[in-house]
Structure formats: structure tokens, C-alpha cells
Amino acid sequence: MTFGLQPEAGAVRMPAPVGDLSAHAGPPPALLFDHVSVRFGAYTAVNDASLLVGDGEFVSIVGPTGCGKSTLLNVAAGLLEPSEGDICVYGRSLEGINADAGYLFQADALMPWRTALSNVITGLEYAGTERKAAERLGNEWLARVGLSGHGERFPHEMSGGMRKRVALAQTLIRDPKIVLMDEPFSALDVQTRVLMENELLQLWTTYRKSVLFITHDLEEAISLSDRVIILSAGPSTHPIAEFRIDLPRPRDVAEIRMTPRFVELYHQIWDAMKEEVLKAYERNQRKLAD
Ligand SMILES: Nc1ncnc2c1ncn2[C@@H]1O[C@H](COP(=O)(O)OP(=O)(O)OP(=O)(O)O)[C@@H](O)[C@H]1O
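Scoring rules and cut-offs
- Residues numbered from 1 in each chain as written.
- Predicted model: local features only at pLDDT ≥ 70, side-chain atom pairs only at ≥ 80, totals over all residues.
- Helix = DSSP H or I, 4+ residues; strand = E, 2+ residues; numbered from the N terminus.
- Rg over C-alpha atoms; globule rule 2.2 N^0.38 Å.
- Buried ≥ 20, exposed ≤ 12 C-beta atoms within 10 Å, placed from the backbone.
- Core = buried A, V, L, I, M, F, W, Y, C linked by C-beta atoms within 7 Å.
- Domains from an automatic or database assignment.
- Contact = placed C-beta atoms within 7 Å.
- Nonpolar A, V, L, I, M, F, W, Y, C, P; charged D, E, K, R; others polar.
- Pairing = 2+ DSSP bridges.
- Near = placed C-beta within 6 Å.
- Right-handed = clockwise from strand over helix to strand, strands pointing away.

Peer 1: Whenever I open this one, the overall build of the protein confuses me. Can you help?
Peer 2: Per the secondary structure count, the protein includes nine helices and 11 strands. Its C-alpha atoms give the protein a radius of gyration of 19 Å, near enough to 19 Å, the size a compact globule of 290 residues would have. Projected onto its principal axes, the C-alpha coordinates of the protein cover approximately 55 × 50 × 45 Å. Among the 290 residues that make up the protein, the fraction classed as buried is 42%.

As C-alpha cells, this is what we get:
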């Protein structure tokens, strides 16, 4: 069975659950969800989910609201233990926090009492890096995310886009092999969002991290990713389809959205997703009526 790394060109719809890992060949993937289920009390949020992120691959997960996207990301981060199944990081079963992963959330996780530079180097400080060396590296990273000369600003003195850049530098300065991103740009205005998406792609091209990216936004998922995985509506979420995104790189996320191939992929993926979105919407309406 094709398991993600080399699906055929174009759209590849996979049966649910996507789960036969035995046929996966090649080097161990950065992340492997092996028949993962997550229950919160009697509620089954995720049921028998299997998926992988190859080394250096950019994979997005999309799905209806509340279906379990963040839950899967928390499992990958080691913040949440699966009720069943296993999560492997570069071939090794994960126990505790995923030390190979950096995490970027939707909400700002910057410390308001620290300057941009001081926020960027927080992780290095905890790791015991000498202050001068940490500051030198911190300034390099601020330059890489377009914030040269802004190191002394406090979070309240920066725009949402600038704060997001600081958060990105804060995550990448620790050189994680894997970056877990939970709707990192959803709070930004449309223009800033496009700028940040392009910057993320440039950084990804340079440093080739393995990325698992969660988003509601199908356009964002297609324009950034190598593969897009669709989750079913909750409860008992699991992958229902995956699509290889065969758009050329390097990409400009605004321009790529105008291309015929992008539009074609969008239609194919939306076709696979809309039934689940509708199901989730109807369930939410019923909950509100109860
Ligand atoms: N700690 C928890 N305890 C109980 N239920 C939880 C917990 N965390 C998540 N859930 C439930 O699990 C389901 C999936 O939640 P999750 O946050 O993973 O969904 P999501 O797809 O990321 O949501 P959104 O689209 O709103 O960002 C939801 O019904 C949620 O209420």
C-alpha cells in the first residue's frame, strides 16, 4: 500500500483508516502515527489514525472544526499519550515529550516582560547556552526572520506579524528536526498571513525541517505542503484521504493560488472534505439545539 512518502502524481484518495504500515519502505519517517486512538473519558476523539511525515516533508492536516487536529499534534509533541496505538519519532517509540520537535501555536506564546531577543533565546538559556553565544545566535535568527534591529522591542511594541516572526525564531533557534504548527497564522490579517507563509516556505527550503501543519484553511494547506491529509468529522476522527501536492517549488503562496493546477487540486480536495465539514456543522447545530 502507498503510505504517504511516494504517492502517485496528483490526487491519491486512500481508504479509511489509512493504516497498513507494514509496506512502508525507506528510512524511518520523522513521525509515524501507528493506529493511534485518543479517548477523553467516554469520548473517542481519535480512532485508529495512522499517518506519517517523512524526513524533510511538509505535511498538512485539514479537517472540520473540532475534529481532533490539535489532539493529533499534541500526541506528536508527546503532550498527550495515545489511549491505543503508538507514535514513533525517527523509528523510535515516543515516550514523554518529543525532544526532536519544536511547537508553534495559534496564540502568541511570547513572554510579555521579555524583549524580542530575550524571548528568542529563552530555550537556549534553559539549555544552559552561555549568554553571549545565545545572544549572538538570537540576533542571527532575528535577522533571518526579518527583524534585524528590533531585538529590544517588547511584545506589546510589535505587530501580530512581528510577534509571529519572533515565535518562529524562538522555535527554530533550537534547531528541532520536526516543527509542529497548530494554525500558527490564523490570527493574522490576510496580507500578513501571506507574507508569513512565504517566509515559512523560504525557511523550510533552507533548513528542510519535517513539518506537521494544522490548519482549517485548505488554500493554506495546498500552497504550503507536499501532502495534505484530510480527517473525518469527529468523534472517532481518522484520516479519510490524502493528496500529494505536485505544485512546483519554490512557491509564492499568493501566485501559486492563481494557477490552474492549484484550482484543480483545490476542487479535488474540497470534494473529499465537504461531506465531513457538513457532518460536523450538522452535529454542532444539533448540540446547540439540545
Ligand atoms: N482535554 C480534553 N478533554 C476532553 N475533551 C477534549 C480534550 N481535548 C480535546 N477534547 C475534545 O476532542 C475533540 C477534538 O478536539 P481538538 O481540539 O483536537 O479539535 P480540532 O480539530 O483541533 O479543533 P479546532 O478545529 O476547533 O481547532 C473536541 O470535541 C474536543 O472538545
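Peer 1: Before we go on, may I ask you to explain the nonpolar core in this structure?
Peer 2: Generally speaking, a soluble globular protein has its nonpolar side chains buried in company with each other. In this structure, Leu 31 and Leu 212 are the most contacted members of the largest nonpolar core, which totals 69 residues. Residue contributions to this core peak at six residues, all from strand β3 (residues 43–53). Both domain 1 (11–100 + 179–289) and domain 2 (108–175) contribute no fewer than three residues apiece to this core.

Peer 1: Can you help me understand the environment of Arg 251 in this one?
Peer 2: Among the structural elements, Arg 251 can be located in the loop between β11 (239–244) and α8 (253–256). Here the alpha-carbon distance between Arg 251 and Val 179, two residues 72 residues apart in the chain, equals 20 Å. Not counting chain neighbours up to four residues away, the residues in contact with Arg 251 comprise Leu 201, Ser 223 and Ile 256.

Peer 1: Honestly, the domain arrangement of the protein in this entry has me stumped. Any pointers?
Peer 2: How large an interface is tends to be reported as the accessible area lost when its parts come together. Entries for the protein in the domain assignment read domain 1 (11–100 + 179–289) and domain 2 (108–175). The centre of domain 1, based on its C-alpha atoms, is set 27 Å off from the matching centre of domain 2. Contacts between domain 1 and domain 2 engage 11 residues on the former and seven residues on the latter. Examining the composition of the side of domain 1 that touches domain 2, we find that six residues originate from one element, helix α6 (residues 190–207), more than from any other. Residues that form the side of domain 1 that touches domain 2 fall into these classes: nine nonpolar, one polar and one charged.

Peer 1: I tried to follow the sheet that holds strand β2 (residues 31–40) on my own but got confused; where do I start?
Peer 2: The strands making up a sheet associate through hydrogen bonds between their backbones, and the pairing can be parallel or antiparallel. The strand order β3-β2-β5-β6 describes an open sheet built from four strands, whose pairing is antiparallel. The outermost strands of the open sheet, each flanked by one partner alone, are β3 and β6 (92–93). Pairing geometry for β2 and strand β5 (residues 84–89), over five bridges, is antiparallel. Looking at β5, one finds that Ser 37 is bridged to Glu 84.

Peer 1: Would you mind going over the site of the ligand with me for this structure?
Peer 2: In the neighbourhood of the ligand, the contacting residues comprise Phe 40, Tyr 43, Ala 45, Gly 63, Thr 65, Gly 66, Cys 67, Gly 68, Lys 69, Ser 70, Thr 71 and Gly 234. Mapped by element, the contributors of at least two residues to the shell around the ligand are β3 and α1 (69–77). Counting residues per element, the shell around the ligand draws most heavily on α1, at three residues. The residue makeup of the shell around the ligand, split by class, is four nonpolar, seven polar and one charged.

Peer 1: Before we go on, may I ask you to explain the environment of Leu 79 in this structure?
Peer 2: Tracing the backbone through its elements, the reader meets Leu 79 in the loop between α1 and β5. On the basis of neighbour counts, which here come to 15 C-beta atoms within 10 Å, the residue Leu 79 falls in the partly exposed class. Sequence-wise, Leu 79 and Gly 96 are 17 residues apart; in three dimensions their C-alpha atoms are separated by 7.3 Å.

Peer 1: Looking at this model, I keep getting lost on the pairing of strand β8 (residues 178–182). Mind explaining?
Peer 2: Along any regular strand, the residues point their side chains to alternate faces of the sheet. Of all five residues making up β8, five are buried, and the element is well covered by its neighbours. Burial along β8 is two-sided: Ile 178, Leu 180 and Asp 182 facing one way and Val 179 and Met 181 facing the other are all buried. Direction of pairing for strand β7 (residues 101–104) relative to β8: parallel, over a ladder of four bridges. Bridge pairing in β8 places Tyr 103 opposite Leu 180. Of the strand pairs in this sheet, β8 and strand β9 (residues 210–214) are connected by five bridges, and their pairing is parallel. Its bridge partner lying in β9, Met 181 is registered against Phe 213. Taken together, β8, α6 and β9 form a β-α-β motif whose crossover is right-handed.

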